[in-house]
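A closer look at the structure
Residue-level listing of the chains:
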Amino acid sequence: MKKVSILHTGGTLSSKVDYKTGGVVAKYTDKDILSMFPELREIVKIKSRLIRNMSSDDMNFKHYNLLAKEIFKELKNSDGVIITHGTDTMHYSAAALSFILEGLDKPILLVGAQRSSDRGSSDAGLNLICAAQFIKNSDFFGVGICMHEGMSDENCLILPAVKTRKLHSSRRDAFKVVNDSAIARVNRYGKVEFLNYTKREKGKLELKLINEKLKVGLIKSRPNMFATELKIYEKYDGLILEGTGLGHFPITKIDNFTSENKRTFDEIKKITKKIPVVMTTQCLFGRVNMNVYSPGRELIKIGVLGNQLDMLPEVAYVKLAWLLSNHKKEVRELIGENLRGEINHRIKDEFL
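Described below are features of the structure shown in this document. (Residues numbered from 1 in each chain as written. Predicted model: local features only at pLDDT ≥ 70, side-chain atom pairs only at ≥ 80, totals over all residues. Heavy atoms only, no water.)

On to the sheet that holds strand β17 (residues 277-281), then. Across the sheet, three strands lie side by side as β15-β16-β17; this open sheet has parallel pairing. Two strands lie at the open edges of the sheet, namely β15 (216-220) and β17, each paired on one side alone. The sheet shows a mean angle of 20° between the axes of neighbouring strands, direction not considered. Both strand β16 (residues 238-243) and β17 contribute to a ladder of five bridges, which runs parallel. (Pairing = 2+ DSSP bridges. Helix = DSSP H or I, 4+ residues; strand = E, 2+ residues; numbered from the N terminus. Axes fitted to C-alpha atoms, helices over the stretch in contact; angles between N-to-C directions.)

Structure (structure tokens):
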């Protein structure tokens, strides 16, 4: 049997109803979870440890580094690692681990649940079982996310860590791939169907951690913005702009109602002289293209990066922090390089 380590960080999968408050809280221990899903031990040889029991909303760079270090330890004596994790920021953690664990040659799967494990309708069991079956019955290596494919308990999908986003607040199939395809489909009995997996060469595993003192911002464009909202980022180390459409921000003065837009443009210009500023788009599909409209061209002129990229804003946020930590002198060049599958230089026809 393959040896698999399960590292628990909390979230809904580790939660149950607290009858004092009426709310759901992370309370189950690693031993509790294994006792609820004993069939896991029939699939792989399990080693289970509790790292944290927390909501994923409370995670930060320190937790990413801690988790990466614990994974690094476990990989010395295991064939793969499953991480139980809250769903709300699971795609941030998946991206962070993809960058931090350079040269990864074994599978790391993040698994969450949309409904707590004490509920009859919980998706926790199938997600864990499918993750274990996938590690047992495949030669995949890298970081992925294992969650329900649909609302029924038929299959789970293995989703790419840097192209996946939570798109629904409560559905079992909340996680979807953006501008790409799922890696594989797997069921509880161990049937694995690869859908989109190109095996890369294995490397030498290295830990390249994120500087925990970094300040990286992520600000969303919207109508009625004020330049003062951006001013705080002058003291940050990097900034992600989540623009509208092809990568737009309200920066053009067209009448006496839009004087603030000129001030917003001037503030972005000031910031780009101090730190890397990267444009992404609020649109789920497609890519940034600041060449199409004049305001976009003006943003390129003042040094805003990210043109022609299809990175998710959350992934760009994590990647920028990682680059500032490990490749500070090359940030402006490497932000546009496809390092972990986060950028599609050609988007498949079904996503155009």
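That shown, we press on.
Helix length check: helix α7 (residues 259-272), at 14 residues, gives a terminal C-alpha distance of 21 Å against a target of 20 Å (1.5 Å per residue), a fit within 8%. Residues Glu260, Asn261, Thr264, Phe265, Glu267, Ile268, Ile271 and Thr272 constitute the buried set of α7. The buried side chains of α7 occupy one side of the element, clustering within an arc of 165° when seen end-on. Turning to α7, the residues buried within the fold contact α6 (228-231), β16, β17, α8 (294-301) and α10 (331-334). (Expected span 1.5 Å × (residues − 1). Buried < 20%, exposed > 50% of the residue type's maximum accessible area, 1.4 Å probe, protein only. Arc of directions from axis to C-beta. Contact = heavy atoms within 4.5 Å.)

Attention now moves to the packing of helix α4 (residues 90-100) against helix α9 (residues 313-326). At a closest axis distance of 9 Å, the pairing of α4 and α9 adopts a crossing angle of 35°. For the pair α4 and α9, the sense of crossing is right-handed. Side by side, α4 and α9 meet where His91, Tyr92, Ala95, Ala96, Phe99 and Ile100 of the first sit next to Glu314, Val315, Tyr317, Val318, Lys319 and Trp322 of the second. (Left-handed = near helix turned anticlockwise from the far one by under 90°.)

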